[in-house]
Amino acid sequence: MDQETIIGKAKDYAGELLGGNCGGHDLQHTLRVYDNALAIAETEPAADLFIISVAALLHDVDDYKLFNTTDYQNARTFLKDNFVPEGLTQRIIETIDSVSFSKNRDKRPATIEGQIVQDADRLDALGAIGIARTFAFGGEHHRPMEQTFRHFDEKLLLLKDIMNTKAAKTIAQKRHKFMKNYLRELNQEIKASELPR
Ligand code: ADP
Ligand code: NI
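Conventions adopted
Residues numbered from 1 in each chain as written. Chains lettered and ligands numbered in written order. Predicted model: local features only at pLDDT ≥ 70, side-chain atom pairs only at ≥ 80, totals over all residues. Heavy atoms only, no water. Core = buried A, V, L, I, M, F, W, Y, C linked by side-chain atoms within 4.5 Å. Buried < 20%, exposed > 50% of the residue type's maximum accessible area, 1.4 Å probe, protein only. Helix = DSSP H or I, 4+ residues; strand = E, 2+ residues; numbered from the N terminus. Contact = heavy atoms within 4.5 Å. Donors = N, O, S within 2.8 Å, 3.2 Å for Na, K, Ca; no water. Near = heavy atom within 4 Å. Polar contact = N/O pair within 3.5 Å; in protein donor to acceptor, adjacent residues only side chain to side chain. Areas by Shrake-Rupley, 256 points an atom, 1.4 Å probe, with all protein chains shown as cover. Salt bridge = Lys/Arg side-chain N within 4 Å of Asp/Glu carboxyl O.

Could you give an account of the nonpolar core, with specific residues and numbers?
Val54, Leu58, Leu79 and Ile92 are the most contacted members of the largest nonpolar core, which has 46 residues in total. Looking at this core, the elements that each hand over two or more residues are helix H1 (3-18), helix H2 (27-41), helix H3 (49-58), helix H4 (73-81), helix H5 (86-97), helix H6 (112-123), helix H8 (145-154) and helix H9 (166-194). If you tally residues by element for this core, the top one is H3, at 8 residues. Leave out the neighbours within four places in its chain, and Ile92 touches Phe50, Ile51, Val54, Ala55, Leu79 and Val84.

Laid out in structure tokens, this is it:
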């Protein structure tokens, strides 16, 4: 099977597994990560576009918050069913494995493909879309807004300094600035509402 066909099928497979979700891990998140990854890859000529594409599209199909699989079983099943050779399968799984924030907090992925897909996923937690996903997550988990505000300091505002690639750093800086402006505005409005009438 040619690589374009496999990429198309990976999109369909992600749609089947993630299509019904709302908020943080819907299909649209996966498709944005895929787009981000390809955009970053344009500036990294050494990167393998097939590995990046398939890893980006399958990066959430074994997310522990959504599925009970171990050892990336959903991704592995897809790759096996589509006759992806063992060597490529290993590199794709290794790339998916390097995406997770909690697992890899301080670790820079060893391969350029891992670095790119990790950056692509982190970019989707920043900027206007990052703000939207944050509140969607808070609502989904029935958390008070004040608790959700803290997520900006605890995680999102740290991301711009741990991007791997130059291209992602540039985009992250822009999105960071937008979030800071948003938080400034938010703080003013919250304070204003506490003033005596
Ligand atoms: P991914 O699996 O795509 O790396 P996460 O599962 O960590 O991302 O988070 C999905 C989305 O939900 C992100 O936009 C993230 O910022 C947001 N999120 C994660 N944890 C929290 C939290 N405690 N409060 C608010 N938003 C959160
Ligand atoms: Ni993700």
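That shown, we press on.
Give me the lowdown on the coordination of the nickel ion (ligand 2), citing residues and values where you can.
Octahedral six-donor coordination of a metal ideally yields angles of 90 or 180 degrees, compared with 109.5 degrees for tetrahedral four-donor coordination. Coordination of the nickel ion (ligand 2) by the protein involves His29 (NE2), His59 (NE2) and Asp121 (OD), with metal-donor separations of 2.1 to 2.2 Å. Taken in chain order, the donor set of the nickel ion (ligand 2) reads H-x29-H-x61-D. Remark: His59 occurs in the loop between H3 and H4 and His29 occurs in helix H2; sequence separation between them is 30 residues. One exposure class covers both His29 and His59, and it is buried.

Could you give me a rundown of the site of ligand 1, with the residues and numbers involved?
Taken together, His25, His29, Asp63, Lys65, Asp121, Arg133, Thr134, Phe137, Arg143, His151, Lys155 and Leu156 are the residues near ligand 1. Within the side chain of Arg133, an N or O atom sits 3.3 Å from an oxygen atom of ligand 1. Between ligand 1 and Arg143, the relevant distance is 2.9 Å, taken from a nitrogen atom to a side-chain nitrogen or oxygen of the residue. Contact with the protein chains removes 85% of the 550 Å² of surface that ligand 1 exposes when unbound. In terms of residue count, the dominant contributor to the shell around ligand 1 is helix H7 (residues 127-140) (3 residues).

Provide a residue-level description of the side chain of Gln118, including the pertinent values.
Relative to the elements of secondary structure, Gln118 occurs in helix H6. Within polar-contact distance, the side chain of Gln118 engages the backbone oxygen of Ser98 at 3.0 Å.

Break down the environment of Arg76 for me, with residues and values.
Note on placement: Arg76 falls in helix H4. On the basis of relative accessibility, which here comes to 25%, the residue Arg76 falls in the partly exposed class. For the pair Arg76 and Ile92, spaced 16 residues apart in sequence, the C-alpha to C-alpha distance is 9.4 Å. Apart from residues lying up to four places away in sequence, Arg76 is in contact with Asp71, Thr89 and Ile93. Side-chain polar atoms of Arg76 contact the backbone oxygen of Asp71, separated by 3.0 Å.

Please give an account of the pattern of salt bridges that cites residues and values.
Scanning all chains against the criterion turns up 7 salt bridges. Of the charged contacts in the structure, one is a salt bridge between Glu154 and Arg150, with a shortest N-O distance of 3.9 Å. Note that Glu154 and Arg150 are positioned in helix H8 at a spacing of 4 residues, about one turn of the helix. A residue is classified by how much of its surface remains accessible, and Arg150, at 47% relative accessible area, is partly exposed. Note that Asp161 is salt-bridged to Lys160, the shortest N-O span being 3.2 Å. Residue classification places Asp161 among the exposed residues on the basis of a relative accessible area of 57%.

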